Amino acid sequence: MSTTSPAPAPVPTLDISQTAPVPFSRLVRVEWRKMLDTRGGFWLMIATAILLVITVGLVLLVVALNDDPIEIGANGFSQILTIPLSLLLPVFPILSVTSEWGQRTGLVTFSLEPNRVRVLLAKVTSVVLLALATIVVALVLGALGNVVAAGMDGTDVVWDLELDTLLLTILLQLLYFLMAYAFGTVFLSSPAAIAVFYVVALMLPLLVYSTLYAIFDWAQDIIPWIDLQYAMTPLLDPDDDATTMDGLRILVTVLIWIVTPLVIGTRRVLSSEPK
């Protein structure tokens, strides 16, 4: 006599088909907090703020010690304050990506939001917002420094920062932020991405390109096609008229250092698992 075993009980399932997706604004806020709430992010912001204040203080000290009036103007302060902004802030967009793999927070991030494209877009948005916020702070400090410097010299305040120069300066800072972010997606490692970024963005232009540019004629033709700073220089100089060739150089450098790494890095983020 054969017996039949009872049918297995159905496995309970959780139906999340009607669950509303995470709002994109919430993803942006989360990525913003990730950059600033950690000890590393907090101290990076403090260090950058200190560098900005020290830079303004050094400029005012030079004005105070110089017997002759020095006309720095708003444009001069804006160009000077881009230096401290470029030193530490690019680390933020790198860490916004690499921390998901280095600290394995991606296990939580991609579980709560499986659509990694939305996560990457939220990271880019938060990076751009951070860059704009720091530029605003630098502009405010530069404006105050300009007023104080004019008062110390007994001269009129010079507001010579033209709108197109300001917009191009902001664009250059944003492009460097995006370059750092792209390197972060490519390497998914904080030390590697930071090292490569500073070599490409700072070391090569200061140590290699500047020497070659000053000595060889061929370098003056080639370097603006492979370095973002040299490509943007003609547009930032108010005495030079921008040409179509200048625009093409910027497009080529953006394609080399931002678009290409971003495409490669995005594919890697979409296919890699935090371990």
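Structure: see above.
The structure contained in this document is the topic of the report that follows.

Our next topic: the overall build of the protein. When its secondary structure is counted, the protein shows eleven helices and zero strands. Element order for the protein, N to C, with α for helix and β for strand: α-α-α-α-α-α-α-α-α-α-α. Its C-alpha radius of gyration of 24 Å places the protein more than 25% over the 19 Å reference for a compact globule of 275 residues. With the C-alpha coordinates aligned to their principal axes, the bounding extent of the protein is approximately 115 × 45 × 30 Å. Within the protein, buried positions represent 37% of all 275 residues.

A water-sized probe, rolled over the atoms, reveals where empty space remains. Within this structure, the stated rule accounts for two cavities of 30 Å³ or more. As a volume, the largest cavity reaches approximately 90 Å³. What lines the largest cavity is simply Ser78, Leu81, Thr82, Leu85, Ile135, Ala138, Leu139, Leu166, Thr169, Ile170 and Gln173. When residues of the lining of the largest cavity are traced back to their parent elements, those giving at least two are helix H3 (73–88), helix H6 (116–153) and helix H7 (163–187). The volume enclosed by the second largest cavity comes to roughly 40 Å³. Of all elements in the fold, only H7, helix H8 (190–215) and helix H10 (228–236) reach the threshold of two or more residues within the lining of the second largest cavity. Taken together, the residues of the lining of the second largest cavity break down into eight nonpolar, one polar and one charged.

Position of Asn75 among the secondary structure elements: in helix H3. The sequence separation of Asn75 and Val158 amounts to 83 residues, and the corresponding C-alpha distance is 8.8 Å. Non-local contacts of Asn75, meaning those with residues more than four positions away in its chain, are made with Asp160, Leu161 and Thr165.

The rules behind these values
- Residues numbered from 1 in each chain as written.
- Predicted model: local features only at pLDDT ≥ 70, side-chain atom pairs only at ≥ 80, totals over all residues.
- Heavy atoms only, no water.
- Helix = DSSP H or I, 4+ residues; strand = E, 2+ residues; numbered from the N terminus.
- Rg over C-alpha atoms; globule rule 2.2 N^0.38 Å.
- Buried < 20%, exposed > 50% of the residue type's maximum accessible area, 1.4 Å probe, protein only.
- 1 Å grid on protein atoms, 1.4 Å probe; cavity = no way out; pocket = protein on both sides within 12 Å on 5 of 7 lines; lining within 4 Å.
- Points joined across faces, edges and corners; volume = space filled by probe spheres on them.
- Nonpolar A, V, L, I, M, F, W, Y, C, P; charged D, E, K, R; others polar.
- Contact = heavy atoms within 4.5 Å.

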